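Residue-level listing of the chains:
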Amino acid sequence: MKLSALAKKNFTQSKSIIFMIALASMLVCCVLNLGISAQISIVENILEFTGDNQVKYKNLTEDEISRISNRSEVALADVHYYVEGFAVAAADASASIEMIYSSELGNVANFRITNGRGARAVNEAVISPHLAVLLGVEPKVGEEFEAVYYLFDEDGNAMEIETLRFVVSGVLQEQRMYAAMNIYHIYVSKSFAERHEHHAVLFLRFNNRTEPRAASQRIADEFGIAPEDTALNEDYLRANLNDPTVIIFASAVSAILLAAGALVIYNAYSLAIVRKVHQYGLLTVIGASKRQIKRCLYLEALFCAGVGLPLGLLAGTLFGFAGMEALNGISGIPMPYVVTPLAFAASALVVLIMTWLGVTGPARKASLIAPVEAVRFIETEEQLYKRRAIENITLNALVKINMSRSKKRLAGTVLSLSLSGVLFLSFSSVAFSMRGSAGNLVAQSIAGDIVITAGEFGTISNPHSITPGLTEAISELDGVESAAAFAVQYFADCIEYNGETFTTNGQKAAGVSADIMRSILNKVYDGNPTLDDFDDPINVIAEIPSVRTMDFYERSNPEYIEKINRHSVGAKITLDLLTVSDGNWEMGETVTLRIVGLVRADDIPPYVMYDSYLPKFYLPQKSFEANGWESNYERLILTVGESGGGETLRAVEALCAPAPELAVQSFAAYRDELVRQMTGVIIIVTLMLGVVALNGVMNLVGTTYMGIERRKRELGTLMAVGMSRKAVGKLLTREGIWISAICSLISAAGGLGAGFGLCRLMYGAGADYLEFIFPLLPLAALLLVTGTVPCAVSMLAAKKLKSSTIVELLGNSV
Amino acid sequence: MVVRTENLTKIYKTGETEVRALVSANVTISRGEAVAIIGASGSGKSTMLHLMGGIDRPTDGKVFIENEDIYSHGDETLALLRRRRIGFVFQMYNLMPQLTVYENVVLPLGLDGRIVDRPRVEALLESLGLAEKHKSLPNRLSGGQQQRVAIARALVTQPAILLADEPTGNLDSKTGADVLNLLRSTAQRLGQTMAVITHDEKVAQFCDRVLRIEDGAVREG
């Protein structure tokens, strides 16, 4: 019989090892599939939204475009002709559509043509499926549609130019981000763009060996391109950078998984070898070399992996699919579940490494089994550790000695269960905290029980459609306890920074009711303003962003810091009034506002829409009106009683129905939906982590049983010298209790610590709604497992021992 | 009488097969007596020792230790009897590998909740030539030393009877003889009753009386 045949025979008896490998593969494959899918989605969203380019240049001549495009370091040069003005669908004038010619349409990631080809003739166009819906046509080649082309006149007013007729020459893959945000593009032919007013922009992506920032600067210098005509695609560049936090997090999870998996497999093999001491010893007796025995073990492991791995990969793929479905419920933007060969290959590699790590030690042990052990059927004495001498050997002293006799094995057993526990509790803590913080998350966007928000500034539907009449009608509805209306005025804020002019449209001042103003005044941390101070309508309270946001600006938009640094009590801020006329922005008179108090953004609810990085100014509605600013409201925040919320919500929705641009949000409904979705994720996460825990538990069961199997003679001796069966049972149970206590302590402390740390990390990374909520349920579940399983296993093993007589227990030696 | 057996019978059943290891054995051992029980392999001598020591239960018959029918008790009391009135010495020593020499010796006292009389234990170790080794773990000792530890453990409770199962079976002849001499002299000094199971006639010569077992039946001489 060859050794490989023996290995094959052994492997068929290694169901537990196959099961452990399958579980480990399932976990790794599931995590990898989810991770890769999420990463692909994030990158795709960035690609789609910012484009597959690293830098763009404006105001170039055709010759410059051609020379830059042909440079060796350029991997992709995409020339866009942006047609001036905009189009609207003939049947629906509410949404504006940009018309663009792209030289590389179809060749750029996320802009593939799924059907047909690019536009060549002047009347040909490529559209996306969501644009087809707006146009009321099928997303098919050959469909015809009409669009009305508008151009702005010198005063910035939209002017109808002509009705355009297009034939669809190609259909793009769906643009998920644009579809979600209702942004539309008609991709026209070069000839169409050239016949209309347009401006050219050159997008570049450099080859992998080129550093994009240096290369873009080099080109700008060489061609004399002004800094304002050069823009690096920071989002894209950031997306391609590896975030150290993510790397640390992923490495920690991978290391724990790898260590836990390897430990489980190690223990499983160690136990299997204990069972087969006789077999390996006999092999040595009949002349098998150490190398051959090792090879036999490695082959056996390979056979086990051959069965366990495919099973695990299949289960992991299915499990990942279920996980992604649950995640999609939360994110809003659907993430496709991508199953890549890379995930399978990486999972297989990780599991094979785990198996190799797990089998190496035991294989070495097996190769060192002395022939005499097989002949006499005794085991090699284990390595014992030095300890303090004990005067009187009581039951507890024996327990203590037994616990410290084989520290390596004990550490392996405890670690594999504890690591699983740490993993379970830390991730459950995060999921639990997320679920518990759902109210905070909702409160960040909904500042009352029901919030009605008008459409954004700058759209054709402006001015805001929450009129005083609508406000009054809503506030008189049954169940409405209070209604706070918020008027807003937009400004353009221009500053000089580093020799450049930075203009931000969208700084806004909000007019609030006297009650809201009082509550804002209560939160003022610098200055001592009263309501009387606002008799002068230029006086305002200025919001100061959180330290976290300021840190973000420091990195991304340092000019904002410059703008915010002007905000201090007594400072006068000069801004340009922005108004909307016929759907167009107009910069109006210069306004000076005086800051009489500062309030932290974190201390007040989101009273008005977040549509600018710049913090807001607040003043009473009376002062707001005195300034002659907009008379309609951007937002209406209602407080409703606990009873009747549902009916009131329906009545509010009915009153708002004639204006579809009004968004009605209910705090309770939003929170409940979020909690429901998060519960789904928690269940998936718990199931996944449950698998990890199961690994640890199985390992513990095996180790405990095998440990007792090994100690049969010892236990028999104890009985022979006068220990009762009950006392032996107590001895084993107390050992189990100790293991339980150690596992519980490590798992609880490690899991809570890691969970708290993860929450803080996520908070620092922007999840500012997240507060650590003590995970009572997960902790109880964990303690139930770590606290009872080792005890239960020991008790069961002790019970099993009862079926053997003392003579049988001593039997190994006689 | 320290030990008396009455029609002691042990039958092992494995499926259809029935092995009569011991048949109506009647044995008596007086106080201070050293008895050798000899017989060929599979004759039933180990079964006899196990039954006399209360670590197995007979199919039929009784064992009296100091006139107490040990098998009339449940497991708990039997365990108590073993630790107070019986001392075992096994062929494979059966020492607890995690305990030092001293700890192995005092183990039965600890199990009984008795206070250890350290000078007495040290004297015992001294008499068995183990004084220098009291802190050593069993795996650091030779076979002869390990067996002497097992003897000390058996004697420490001053049992009614010491039962030794092939005490020299795992030792070379010189070490075996040394151990036997030591066992005999210590037992004599302490007035210890003992029964030694062996298949070796030389071992039997160290004892006061010899019992032979053949096919489960016991006879004198």
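Before going into details, it helps to say that this report is about the structure given with it. (Residues numbered from 1 in each chain as written. Chains lettered and ligands numbered in written order. Predicted model: local features only at pLDDT ≥ 70, side-chain atom pairs only at ≥ 80, totals over all residues. Heavy atoms only, no water.)

Further remarks concern the overall build of chain B. Check the secondary structure of chain B and you find seven helices and eleven strands. Taken across its 221 residues, chain B has 57% of its residues classed as buried. For chain B, the share of sequence-separated contacts (at least 6 apart) that also reach a separation of at least 24 residues comes to 70%. Accessible area for chain B stands at about 9100 Å²; split by element, carbon and sulfur atoms hold 46% of it. (Helix = DSSP H or I, 4+ residues; strand = E, 2+ residues; numbered from the N terminus. Buried < 20%, exposed > 50% of the residue type's maximum accessible area, 1.4 Å probe, protein only. Contact = heavy atoms within 4.5 Å. Areas by Shrake-Rupley, 256 points an atom, 1.4 Å probe, with all protein chains shown as cover.)

Looking only at helices and strands, chain A has 27 helices and 20 strands in total. Looking at chain A residue by residue over its 814 residues, the buried ones come to 50%. Partitioning the intrachain contacts of chain A with sequence separation of at least 6 by distance along the chain shows that 80% fall at a separation of at least 24. A total accessible area of about 37400 Å² is found for chain A, and carbon and sulfur atoms account for 57% of it.

It is worth spelling out the interface of chain B and chain A at this point. Interfaces are often sized by the amount of accessible area the parts lose when they come together. Contact residues are listed per partner, giving 31 residues for chain B and 33 residues for chain A. With both sides pooled, the region where chain B packs onto chain A buries about 3000 Å², and carbon together with sulfur makes up 61% of that total. Our count for the contact surface shared by chain B and chain A stands at one salt bridge. As a salt-bridge pair, A:R725 and B:D75 come within 3.8 Å of each other at their nearest N and O atoms. Across the contact surface, chain B and chain A share seven residue pairs in polar contact (both at pLDDT 80 or more). Here the side of chain B that touches chain A takes seven residues from helix α3 (residues 101-111) of chain B, the largest share from any one element. Residue composition of the side of chain B that touches chain A, grouped by class: 15 nonpolar, six polar and ten charged. (Buried area = accessible area lost by both parts, 1.4 Å probe. Salt bridge = Lys/Arg side-chain N within 4 Å of Asp/Glu carboxyl O. Polar contact = N/O pair within 3.5 Å; in protein donor to acceptor, adjacent residues only side chain to side chain. Nonpolar A, V, L, I, M, F, W, Y, C, P; charged D, E, K, R; others polar.)

Now for the nonpolar core. B:I37, B:M48, B:L107, B:V121 and B:I161 are the most contacted members of the largest nonpolar core, which totals 104 residues. In terms of residue count, the dominant contributor to this core is α3(B) (seven residues). When residues no more than four places from it in sequence are discounted, the contact partners of B:L107 are A:I393, A:L398, A:L718, A:V721, B:M96 and B:L99. By size, the runner-up hydrophobic cluster in this structure holds 70 residues, among which are A:I516, A:V540, A:I541 and A:V640. (Core = buried A, V, L, I, M, F, W, Y, C linked by side-chain atoms within 4.5 Å.)

Before going further, it helps to examine the sheet that holds strand β11 (residues 217-220) of chain B. Residues and elements named next belong to chain B. Spatially, six strands are ordered β7-β8-β9-β4-β10-β11 in an open sheet, and the strand pairing comes out mixed. The outermost strands of the open sheet, each flanked by one partner alone, are β7 (86-89) and β11. Across the sheet, the mean angle separating the axes of adjacent strands is 20 degrees when strand polarity is ignored. Bridging between strand β4 (residues 34-38) and strand β9 (residues 194-198) involves five bridges; their strand directions are parallel. Within β9, the residue paired with A34 across the bridge is M194. Contacts from helix α1 (residues 45-53) reach β4, β7, β8 (161-165), β9, β10 (209-214) and β11 within the one sheet, and its direction differs from that of β8 by about 150 degrees. (Pairing = 2+ DSSP bridges. Axes fitted to C-alpha atoms, helices over the stretch in contact; angles between N-to-C directions.)

Our next topic: the side chain of B:Q146. Residues and elements named next belong to chain B. Inspection of the secondary structure puts Q146 in helix α5 (residues 143-155). In this structure the side chain of Q146 is engaged in a polar contact, spanning 3.4 Å, whose partner is the backbone oxygen of P138. The residues contacting Q146, other than those within four sequence positions of it, are Y93, L95, P138 and L141.

Once the charged atoms of two side chains with opposite charge are near each other, the side chains can pair. Residues and elements named next belong to chain A. Enumeration over the complete set of coordinates arrives at 30 salt bridges over all chains. Across the salt bridge formed by E73 and R71, the nearest N and O atoms sit 3.1 Å from each other. Take E73 and R71: they sit in the same class, and that class is buried. With a closest N to O distance of 3.0 Å, E146 and R165 form a salt bridge. Within this pair, whereas E146 is found in strand β7 (residues 144-152), its partner R165 is found in strand β8 (residues 158-172), the two being separated by 19 residues in sequence. Residue E146 is classed as partly exposed on the basis of its relative accessible area of 33%. A network of salt bridges, in which partner residues are shared, links R71, E73, R218 and E222.

Moving on: empty space enclosed by the protein. All names here are of chain A. The full count for this structure, using the stated rule, is six cavities of 30 Å³ or more. What lines the largest cavity is a set of 21 residues, among which T703, G707, R711, E735 and I739 lie closest to the centre. Residue assignment for the lining of the largest cavity shows that the elements contributing at least two residues are α14 (395-405), α15 (407-436), α23 (667-710), α25 (725-764) and α26 (776-801). Grouping the constituent residues of the lining of the largest cavity by class yields seven nonpolar, eight polar and six charged. (1 Å grid on protein atoms, 1.4 Å probe; cavity = no way out; pocket = protein on both sides within 12 Å on 5 of 7 lines; lining within 4 Å. Points joined across faces, edges and corners; volume = space filled by probe spheres on them.)

This paragraph deals with the side chain of A:S623. Examined against the element boundaries, A:S623 turns out to sit in helix α21 (residues 621-626). By relative accessible area, which is 4% here, A:S623 ends up buried.

A word on unusual backbone geometry. Peptide bonds are, in most cases, trans, and in most cases residues other than glycine have a negative phi. Located in the positive-phi region is A:N59, a residue other than glycine, with phi close to 55 degrees. Its location among the elements puts A:N59 in the loop between β1 (55-58) and α3 (62-69). Phi is positive for B:S24, which is not a glycine, with a value near 40 degrees. Counting through the fold element by element, B:S24 comes out in strand β2 (residues 17-25). By relative accessible area, which is 41% here, B:S24 ends up partly exposed.

Packed helix pairs are specified by the crossing angle of their axes together with the interaxial distance, meaning the distance between the axes. Where α15(A) meets α25(A), the closest approach of the two axes is 7 Å, and the angle between their N-to-C directions is 35 degrees. Of the two elements, α15(A) crosses α25(A), and the hand of that crossing is right-handed. (Left-handed = near helix turned anticlockwise from the far one by under 90°.)

This next bit is on the pairing of β9(B). Residue and element names in this part refer to chain B. β9 sits mainly inside the fold: five of its five residues count as buried. Alternating residues of β9 divide into M194, V196 and T198 and A195 and I197, and every residue in both groups is buried. The pairing of β8 with β9 spans four bridges and is parallel. Residue pairing in the sheet places L162 in a bridge with M194 of β9. What joins β8 to β9 is helix α6 (residues 173-190), and the crossover it makes is right-handed. (Right-handed = clockwise from strand over helix to strand, strands pointing away.)

Here the focus is the packing of aromatic side chains. All names here are of chain A. Counted by the stated rule, this structure contains twelve aromatic pairs over all chains. Relative to Y101, the ring of Y81 has its centre 5.3 Å away and its plane inclined at 50 degrees; by these criteria the two rings are tilted. Taken as a pair, Y81 in strand β2 (residues 74-83) and Y101 in strand β4 (residues 92-102) lie far apart in primary sequence, 20 residues in all. Per residue, the accessibility class of Y81 equals that of Y101, and both read buried. Summarising the aromatic geometry, the rings of F86 and Y150 are spaced 5.3 Å apart at their centres and angled 10 degrees between planes, so their arrangement reads as stacked. Remark: Y150 occurs in strand β7 and F86 occurs in strand β3 (residues 86-89); sequence separation between them is 64 residues. (Phe/Tyr/Trp six-rings, centres within 6.5 Å; stacked < 30°, edge-to-face > 60°.)

Residues and elements named next belong to chain A. Running from N to C, helix α24 (residues 712-720) and α25 point in directions that differ by 140 degrees, and their axes come no closer than 9 Å. Put simply, α24 runs oblique to α25. The element α24 and its partner α25 pack so that their crossing is right-handed. Here α24 contributes L715, L718 and M719 to the contact with α25, which in turn contributes R725, V728, L731 and L732. Along the lines of polarity and charge, the residues of the contact of α24 with α25 split into six nonpolar, no polar and one charged. (Parallel < 35°, antiparallel > 145°, perpendicular 65-115°, else oblique.)

Another aspect to go through is a nonpolar patch on the surface. Where nonpolar side chains cluster on the molecular surface, the patch consists of A:L349, A:I353, A:W356 and A:L357 and spans about 400 Å² of accessible area. Relative to the assigned elements, A:W356 resides in helix α12 (residues 341-367). (Patch = residues over 30% accessible without salt bridge, like charges linked within 9 Å, V, L, I, M, F, W, Y side chains within 5 Å.)

A few words on α14(A). Counting buried positions along α14(A) yields eight of eleven residues, so the element is predominantly enclosed. Those residues of α14(A) that fall on the buried side of the exposure criterion are A:L395, A:A397, A:L398, A:V399, A:I401, A:N402, A:M403 and A:R405. Contacts made by the buried residues of α14(A) are with α15, α24 and α25 of chain A together with α3 of chain B.

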